[in-house]
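Fold and geometry: a report
Now for the letters of each chain:
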Amino acid sequence: VPADAEKMIEKAVKRGYILRHDAFGMTGYYQDWEKAMAAKWNFRRPIIMEGGWITGAHHRYWRDPSGLYREGHAEDVRKGEYEAAAEARVNMMDFRINDETRSWFEDAFPLVKKFVAEGGYRLYPAEVTVPTNAKCGSKVEFSSIWRNLGRGYCPTNMPQWNQKYKVGIALLDNSGKPVRTFVDKHSDLSKWLLEAPGHCRAKVSLKGIVPGRYTWAVGLVDTSKGNEPGLEAAVGTEHIQDGWVKVS
């Protein structure tokens, strides 16, 4: 590894680049230094994984120095790639190389489905507390607990996103349109991890709200686009209206 490699990566990351490794599971290329880099940037920047090119004549997996992969058993190396990527908490798998993609879907499709179920990030409101009755003009407290179902993280801390995604709270009228939207400016979606749910609490003012019956809703709003829902919450579509999750 070049002496200045780590410093160069750090400079690139500060400019908004994310991380990627093209040989997960290839023990001759993905070694302690690479593992340390993945661990260093976990949840600070997303990581993209691509496995080794194992289908070509010059990249046969049984030549791997680990000796773990049996000749004729491509699923061995796909399993090794998957496990290394899971340890690195990657956000994405790269399925763009035709023969390699075909190998994933033909030799190791259960692992593809496993990544869909466990990889990346999926955020959902596990618990929401709202008032059922309130006076116009009053202030009410709203709290929510959000969980991440994936091993990865929601990279709102990237310079390009600059924390523009926040928890939004809306009052929906009978047509399902928001009459007022509130934003929890302290919410940080990048902190919500598989083992660390996010806790949000905000006081919102009902000043100017016309008396009537409304539905409370939450969403992951884009503050750069008028506080409209910008990320999909991981809940059933029957609970969602125009990106808002109806809660009460």
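Everything below is about the structure shown above.
Below or above, wherever it landed, is the structure these notes cover. (Residues numbered from 1 in each chain as written. Predicted model: local features only at pLDDT ≥ 70, side-chain atom pairs only at ≥ 80, totals over all residues. Heavy atoms only, no water.)

**With respect to the sheet that holds strand S3 (residues 92-93)**
Across the sheet, three strands lie side by side as S1-S2-S3; this open sheet has parallel pairing. The sheet terminates laterally at strand S1 (19-24) and S3, the two strands that pair on one side only. Direction of pairing for strand S2 (residues 47-51) relative to S3: parallel, over a ladder of two bridges. Bridge pairing in S3 places Ile48 opposite Met92. (Pairing = 2+ DSSP bridges. Helix = DSSP H or I, 4+ residues; strand = E, 2+ residues; numbered from the N terminus.)

**Focus on the pattern of salt bridges**
In the structure shown here, the tally under the stated rule is 17 salt bridges. One salt bridge connects Glu6 with Lys40, and the closest N-O pair in it is separated by 2.9 Å. One end of the pair, Glu6, is in helix H1 (residues 5-14); the other, Lys40, is in helix H2 (residues 32-41), with 34 residues separating them in the sequence. With a relative accessible area of 27%, Lys40 lands in the partly exposed category. Here the residues in one salt-bridge network are Arg20, Asp22, Glu50, Asp94 and Arg96, joined through shared partners. (Salt bridge = Lys/Arg side-chain N within 4 Å of Asp/Glu carboxyl O. Buried < 20%, exposed > 50% of the residue type's maximum accessible area, 1.4 Å probe, protein only.)

**Some remarks on the side chain of Asn42**
Relative to the elements of secondary structure, Asn42 occurs in the loop between H2 and S2. At 2.8 Å, the side chain of Asn42 forms a polar contact with the backbone oxygen of Ala88. Beyond its immediate sequence surroundings of up to four residues, Asn42 is in contact with Ile47, Ala88 and Arg89. (Polar contact = N/O pair within 3.5 Å; in protein donor to acceptor, adjacent residues only side chain to side chain. Contact = heavy atoms within 4.5 Å.)

**Some thoughts on the sheet that holds strand S5 (residues 139-148)**
Backbone hydrogen bonds hold the strands of a sheet together, and the pairing may be parallel or antiparallel. Spatial strand order, S4-S5-S8: three strands in an open sheet with antiparallel pairing. Two strands lie at the open edges of the sheet, namely strand S4 (123-129) and strand S8 (198-205), each paired on one side alone. The sheet shows a mean angle of 30 degrees between the axes of neighbouring strands, direction not considered. Note that S5 and S8 share eight bridges and pair antiparallel. Bridge pairing in S8 places Ser144 opposite Cys200. (Axes fitted to C-alpha atoms, helices over the stretch in contact; angles between N-to-C directions.)

Read these as geometric descriptors, not functional statements.
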